[in-house]
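Close look at the chain arrangement
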Amino acid sequence: MSKTLAIFQKEMKHFFYSPIAYIVIAAFTIIAGIFFYLYLSSFVEAAFMDMIRSQQYRMPPQKFNVNLQLIRPYFWNTALISLFVLPLVTMRLYSEEKKSKTVELLYTSPLTVSQIVLGKFFAGVVFYIVMLVPTMFFMGLLFAYGNPELGPVLSGYLGLILLGSAFISGGLFISSLTENQIIAAIGGFGLALVLWIIGWAANYSGPGLASVLNYLSIINHFEDFAQGVIDTKHVFYYLLFSTFGIYLTMKSVESTRWRAS
Amino acid sequence: MIEVKDLTRYYGEKRAIHNVTFDVQKGEILGLLGPNAAGKTTTMRILTCAMPPTSGEAKVAGFDIWTEPMEIKKRIGYLPENPPLYSDLRVTEYLDFVGKIKGIPSNKRKSAISDVIEKAGLNEVTHQVVGSLSKGFKQRVGLAQALLNDPEVLILDEPTVGLDPRQIIEIRELIKNLGGDHTVILSTHILPEVEMTCGRVVIINEGEVVAEDTPENLTRRLKGSERTVLEVGGDKNAALAVINGFGDVLNVEVNNSKSPGRYQIRVETRSDIRSDLAKSLIQKGLALYELRAETYSLEDIFLHLTTKEEVA
Ligand SMILES: Nc1ncnc2c1ncn2[C@@H]1O[C@H](COP(=O)(O)OP(=O)(O)O)[C@@H](O)[C@H]1O
Ligand SMILES: [Mg+2]
């Protein structure tokens with residue numbers, strides 16, 4: 001446990017001693033912010049138009065729900081953006097150690113493979129949580145000027161963390177396969193793309209295939225979270241996905257040690 | 001302290017080492033000597049449990065590499081060919097991390113770190129980022145890392161490669177002082193390094209052990225014959241007659257010396273005849289300017305062994 005923590009702390013240092021971390025956080029915040037701004041302005045505009053219309057025609061104004069019409073699509077978008085930003089977080093998690101040969105230190109110290117892999121995995125997850133912190137400012141704005149429900153916001157963040165963890169386990173696995181960070185990043189983007197396309201294809205395919213694709217899709221499991229529903233089925237899916245990614249990473253580490261390089 | 005028996009390792013189809021066998025006693029400094037690609041690194045990575053052999057047995061600090069690798073890892077320090085450094089961490093941060101993963105309890109870690117900083121001569125750079133250090137200091141940080149858990153067994157893979165001559169001398173001194181407290185295996189392709197630092201040598205070539213002994217014994221073993229070099233003044237034929245009067249002369253080689261009227265004679269005999277030879281030459285009224293035994297350097301042995309020539 002304390003050794004897992006040692007790996008975790010070291011990884012956090014690598015993140016924050018490197019300018020890439022700050023660039024990634026800034027880029028993520030800006031992209032999420034742009035989407036937030038777009039959703040917010042179209043929401044405000046729609047509400048405003050409706051107000052004018054209702055005054056003109058002396059009808060009661062429609063009900064506009066900030067949770068359904070703003071927060072939900074915003075979270076859904078943030079989840080998608082996360083998929084395409086996280087490869088930049090996972091790319092160096094393992095590759096860098098292979099390249100600089102520091103794996104030799106890890107493999108000849110009294111560490112288990114699971115301590116190494118879990119330390120790295122949790123560092124990735126915590127870094128992602130740090131990435132999400134600035135976006136809470138956007139939610140803060142809504143609470144300052146409006147009256148949204150808190151539940152869907154909290155479940156949205158829980159969903160993001162679960163989805164992020166699942167993706168990070170996959171990115172870590174890809175990073176463990178190569179000593180080249182660029183290849184690890186490209187592989188990560190490829191994974192993000194596949195996961196996205198699966199979810200997208202599910203919406204356009206026949207009922208039989210759709211249920212399979214829907215189950216596999218990392219993003220479709222997120223929908224309930226964005227609506228304020230925490231379904232254990234989806235929690236289980238993400239935990240299973242993460243466990244599988246971690247398991248594959250451990251197997252990959254063990255087998256490269258066997259072949260050795 | 002270390003028992004290695006019939007270690008064989010393949011990388012795919014390629015055989016890197018074959019039936020490597022040797023022992024290392026407690027407190028000994030053993031040199032693993034061999035040219036590039038001989039299999040030194042492969043052997044060391046197996047002993048440090050970085051990877052398993054294809055076949056064979058080894059025990060390090062009394063534990064089996066197959067069944068108890070964790071126990072071995074707790075008791076060894078390893079300096080790989082490329083020191084395993086994180087260039088963005090400060091020296092103390094790096095050593096603190098290594099201390100943690102080696103399981104040094106937090107109340108002992110601080111003193112362990114200051115000990116190795118002292119031993120490896122890192123005082124002036126403790127707060128520098130590892131990546132900004134010179135090659136020599138990086139190597140010292142690597143060594144400090146290996147020493148941190150006060151290991152019973154130290155395994156150092158070409159510890160002086162890439163250093164300048166002054167740094168090389170310093171690192172060798174450091175290593176020499178480690179024997180006794182620690183059991184050390186050090187690999188090198190530099191012969192004088194072994195003669196200077198190691199009590200015993202295992203010579204490895206193309207993945208196989210070709211000789212194993214003390215540097216002195218290896219030299220002696222090569223000497224199936226004694227070579228004596230003489231510088232004599234006076235009658236050349238009289239001198240040769242004296243020399244050939246000794247029964248077991250194998251070979252005589254005469255050259256003119258740089259000084260006029262003197263000859264340099266190289267005599268190869270089965271036994272050491274130096275004292276009798278000197279007496280006889282002087283009795284015959286010849287002038288003797290020099291008489292010495294010619295020693296074989298480890299270099300000679302190495303060439304003989306690795307070019308598969310018969311030892312003289
Ligand atoms: N990871 C590897 N994959 C394939 N071949 C390797 C690998 N490591 C070493 N070898 C080969 O094994 C042989 C021994 O290498 P090595 O143990 O590194 O020798 P040394 O350390 O004595 O220079 C060499 O021929 C080398 O090319
Ligand atoms: Mg080597």
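Residues numbered from 1 in each chain as written. Chains lettered and ligands numbered in written order. Predicted model: local features only at pLDDT ≥ 70, side-chain atom pairs only at ≥ 80, totals over all residues. Heavy atoms only, no water.

**Brief notes about the interface of chain A and chain B**
Under the convention used in this document: By definition, residues are in contact when any of their heavy atoms lie within 4.5 Å. Two parts lose some accessible area (1.4 Å probe) when they are put together, and adding that loss for both gives the buried area. For salt bridges, the criterion is a side-chain nitrogen of Lys or Arg within 4 Å of an Asp or Glu carboxyl oxygen. In the analysis that follows, any N or O atom pair within 3.5 Å is treated as a polar contact, provided that within protein one partner can donate a hydrogen and the other can accept it, and provided that, for residues neighboring in sequence, both atoms belong to side chains. Counting from the N terminus, the helices are the DSSP runs of H or I reaching at least four residues and the strands are the DSSP runs of E reaching at least two.
Contact residues are listed per partner, giving 25 residues for chain A and 30 residues for chain B. For the pair chain A and chain B, the two sides together bury roughly 2,400 Å², of which 62% comes from carbon and sulfur. Per-residue buried area on chain A facing chain B is highest for Leu 105, Thr 108 and Pro 110 of chain A; these three make up 25% of the total on that side. Summed over the shared surface of chain A and chain B, the result is two salt bridges. In this structure, Glu 93 of chain B and Lys 13 of chain A form a salt bridge, with 3.4 Å as the shortest nitrogen-oxygen distance. In this structure, the connection of chain A to chain B is made through nine residue pairs in polar contact (both at pLDDT 80 or more). Secondary structure elements with two or more residues in the side of chain A that touches chain B: helix H1 (2–17), helix H4 (103–107) and helix H10 (232–259) of chain A. Sort the elements by how many residues they give to the side of chain A that touches chain B and H1 of chain A lands first, with eight residues.

**Comments concerning the site of ligand 1**
Counted only if it meets this: A molecule or strand has a residue near it when one of that residue's heavy atoms lies within 4 Å.
Lining the immediate surroundings of ligand 1 are 13 residues, of which Lys 14, Ala 37, Lys 40, Thr 41 and Thr 42 of chain B lie closest. Nearby residues place ligand 1 at the junction of chains A and B. Contact between ligand 1 and Ala 37 of chain B: an oxygen atom at 2.7 Å from a main-chain N or O atom of the residue. Within the side chain of Thr 42 of chain B, an N or O atom sits 2.5 Å from an oxygen atom of ligand 1. Elements that contribute at least two residues to the shell around ligand 1 include exactly strand S2 (14–24) and helix H1 (40–47) of chain B. For the shell around ligand 1, the element with the highest residue contribution is H1 of chain B, accounting for three residues.

**Concerning the coordination of the magnesium ion (ligand 2)**
Residues and elements named next belong to chain B. Our working rule: The rule for donors is simple: N, O or S, within 2.8 Å of the metal, or within 3.2 Å if the metal is Na, K or Ca. Water isn't counted, so a site may look like it is missing partners. The classification of residues rests on relative accessible area computed with a 1.4 Å probe and restricted to protein chains. Under 20% of the type maximum is buried, over 50% is exposed, and intermediate values are partly exposed.
In this structure, Thr 41 (OG1) and Glu 81 (OE) serve as the protein donors to the magnesium ion (ligand 2), at separations of 2.0 to 2.4 Å. Taken together, the residues span a long stretch of sequence, with Thr 41 in helix H1 and Glu 81 in the loop between strand S6 (76–79) and helix H3 (91–101) at a distance of 40 residues. On the accessibility criterion, Glu 81 (39% relative accessible area) is partly exposed.

**Observations regarding helix H5 (residues 135–147) of chain B**
Quick reminder of the rule: The span you would expect from a helix comes to 1.5 Å times its residue count less one.
Helix length check: H5 of chain B, at 13 residues, gives a terminal C-alpha distance of 18 Å against a target of 18 Å (1.5 Å per residue), a fit within 8%. Where burial is concerned, most of H5 of chain B is hidden: 11 out of the 13 residues are buried.

**Thoughts on the packing of aromatic side chains**
Describing an aromatic ring pair means giving the distance of the ring centres and the angle of the ring planes. All names here are of chain A. Just so we agree on the cut-off: Pairs were defined over the aromatic rings of Phe, Tyr and Trp, the Trp ring being its six-membered one, requiring ring centres within 6.5 Å. Orientation was assigned from the angle between planes: stacked under 30 degrees, edge-to-face over 60, tilted for the rest. Think of it as a cone above the ring: NZ of Lys or CZ of Arg counts as a charge over the ring if it is within 6 Å of the ring centre and within 35 degrees of the ring normal.
Counted by the stated rule, this structure contains 20 aromatic pairs over all chains. The structure contains a cluster of three or more aromatic residues connected by ring pairs, namely Phe 36, Tyr 74, Phe 75, Phe 137, Phe 138 and Tyr 157. Positioned above the aromatic ring of Phe 15 is the side chain of Arg 92, whose terminal nitrogen or guanidinium carbon lies 5.5 Å from the ring centre.

**Some points on the sheet that holds strand S9 (residues 200–205) of chain B**
Residue and element names in this part refer to chain B. As a reminder, the rule being used: Should DSSP find at least two bridges between two strands, the strands are regarded as paired. The angle between two axes is taken between their N-to-C directions and runs from 0 to 180 degrees, where each axis is a line fitted to C-alpha atoms and a helix contributes only its stretch in contact.
Spatial strand order, S6-S7-S8-S3-S9-S10: six strands in an open sheet with mixed pairing. The open sheet has two edge strands with one neighbour each: S6 and strand S10 (208–213). Going across the sheet, the axis of each strand differs from the next one's by a mean of 15°, ignoring polarity. Lying on the sheet, H5 is in contact with S6 and strand S7 (153–157); it crosses S6 at an angle near 165°.

**What about the confidence of the model for chain A?**
Short version of the rule: Each residue carries a pLDDT value, the predictor's own confidence for that position, ranging from 0 to 100.
For chain A, the average pLDDT comes to 90, and 98% of its residues sit at 70 or higher. Taken element by element, the predicted model of chain A shows its lowest mean pLDDT in helix H8 (residues 207–216) of chain A (82) and its highest in H1 of chain A (96).

**Description of a negative patch on the surface**
Residues and elements named next belong to chain B. Inclusion rule: Patch construction takes residues with relative accessible area above 30% that form no salt bridge. Like charges are linked within 9 Å, and nonpolar side chains (Val, Leu, Ile, Met, Phe, Trp, Tyr) are linked within 5 Å. Surface accessibility follows the Shrake-Rupley procedure with a 1.4 Å probe radius. Residue values consider only the protein chains on display as shielding. The charged-residue count follows a simple rule in which Lys and Arg add positive charge and Asp and Glu add negative charge, with His and chain termini not counted at all. Here the site of a charge means NZ on Lys, CZ on Arg, CG on Asp, or CD on Glu.
There is a patch of like negative charges on the surface, built from Asp 115, Glu 118, Asp 150 and Asp 181. Examined against the element boundaries, Asp 115 turns out to sit in helix H4 (residues 106–119). Overall, Asp 115 belongs to the partly exposed group, its relative accessible area being 49%.

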